[in-house]
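Residue-level listing of the chains:
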Amino acid sequence: VEEAHEVAEAIQRGDMVVFWFPRDTTKSYIKRVIGVPGDLIDVSNGQVRVNGVTLDERYVPDEYRDQVSVPPARVPAGQYFVLGDHRSSSNDSRAWGMVPRQYIYGKAVFGYWPLDRMGVLK
């Protein structure tokens, strides 16, 4: 669970955002922004590439990685591609697609669960 702050500035790749789940807006999710409008996202055997460059995802512990692949997709205007850091159990853009900008209502800035990872989110 993270503390959230209203989004006033632009959403950038790497931000942790809080948003209404596109398939059920009574639920909120917190995920990391991987792709911003215009980006080409490719996930192959768990390796994430943005615009042809493989991401160095130090924030995803080895025990949380998976081997999921999704076809390459261009992020449309006004939408974002998001992934959870706990990839092996994350319900994210790999399963249900992009998040419209109007569904994003905050940035997560401080994590306090699990306790051993409490602190400012990076």
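Residues numbered from 1 in each chain as written. Predicted model: local features only at pLDDT ≥ 70, side-chain atom pairs only at ≥ 80, totals over all residues. Heavy atoms only, no water.

**A few points about the sheet that holds strand S7 (residues 70-74)**
Backbone hydrogen bonds hold the strands of a sheet together, and the pairing may be parallel or antiparallel. Spatially, the four strands line up as an open sheet ordered S6-S5-S4-S7, and their pairing is antiparallel. At either margin of the open sheet sits one strand with a lone partner, and together these are strand S6 (53-54) and S7. Bridging between strand S5 (residues 47-50) and S6 involves two bridges; their strand directions are antiparallel. Following the sheet pairing, Arg 49 is matched in S6 by Thr 54. (Pairing = 2+ DSSP bridges. Helix = DSSP H or I, 4+ residues; strand = E, 2+ residues; numbered from the N terminus.)

**Notes on the nonpolar core**
Formed by Ile 11, Val 17, Phe 19, Phe 21, Tyr 29, Val 33, Val 36, Tyr 80, Val 82, Trp 96, Val 99 and Ile 104, the largest nonpolar core amounts to 12 residues. Going through the elements one at a time, strand S2 (16-21), strand S3 (24-35) and strand S8 (79-83) are the ones with two or more residues in this core. Broken down by element, the residue count for this core peaks at three residues, all from S2. Once residues lying within four places of it in the same chain are set aside, the contact partners of Val 36 are Ile 11, Gln 12, Arg 13, Val 75, Gln 79 and Tyr 80. Of all hydrophobic cores here, the second largest spans 10 residues; its members include Ile 34, Ile 41, Val 50 and Leu 83. (Core = buried A, V, L, I, M, F, W, Y, C linked by side-chain atoms within 4.5 Å. Buried < 20%, exposed > 50% of the residue type's maximum accessible area, 1.4 Å probe, protein only. Contact = heavy atoms within 4.5 Å.)

**Observations regarding the packing of aromatic side chains**
In the structure shown here, the tally under the stated rule is six aromatic pairs. Ring centres 4.6 Å apart and planes at 15° place the aromatic pair Phe 21 and Tyr 29 in the stacked group. For Tyr 29, a relative accessible area of 18% gives the class buried. Ring geometry for Phe 21 versus Trp 96: centroids 5.2 Å apart, planes at 75°, classification edge-to-face. Of this pair, Phe 21 sits in strand S2 while Trp 96 sits in helix H1 (residues 93-96), placing them 75 residues apart in sequence. A residue is classified by how much of its surface remains accessible, and Phe 21, at 8% relative accessible area, is buried. Cluster of aromatic residues (ring-pair linked, three or more members): Phe 19, Phe 21, Tyr 29 and Trp 96. (Phe/Tyr/Trp six-rings, centres within 6.5 Å; stacked < 30°, edge-to-face > 60°.)

**Observations concerning the pairing of S5**
Because side chains alternate across S5, one face comprises the buried residues Val 48 and Val 50, and the other comprises Gln 47 and Arg 49, none of which is buried. Here strand S4 (residues 40-44) runs beside S5; their pairing, made up of four bridges, is antiparallel. Opposite Ile 41, over in S5, you have Val 50 as the bridge partner. Counted between consecutive antiparallel strands, the loop separating S4 from S5 contains two residues, among which Asn 45 sits at a positive phi close to 50°.

**A word on the confidence of the model for the protein chain**
Residues of the protein chain with pLDDT of at least 70 account for 82%, and the chain-wide mean is 87. Residue range residues 1-5 is modelled with pLDDT below 50. Its contacts to residues more than four positions away, or to other chains, number 23 contacts. With pLDDT under 50 throughout, residues 118-122 is counted as low confidence; its partners more than four residues away or in other chains account for 14 contacts. (pLDDT = per-residue confidence, 0-100.)

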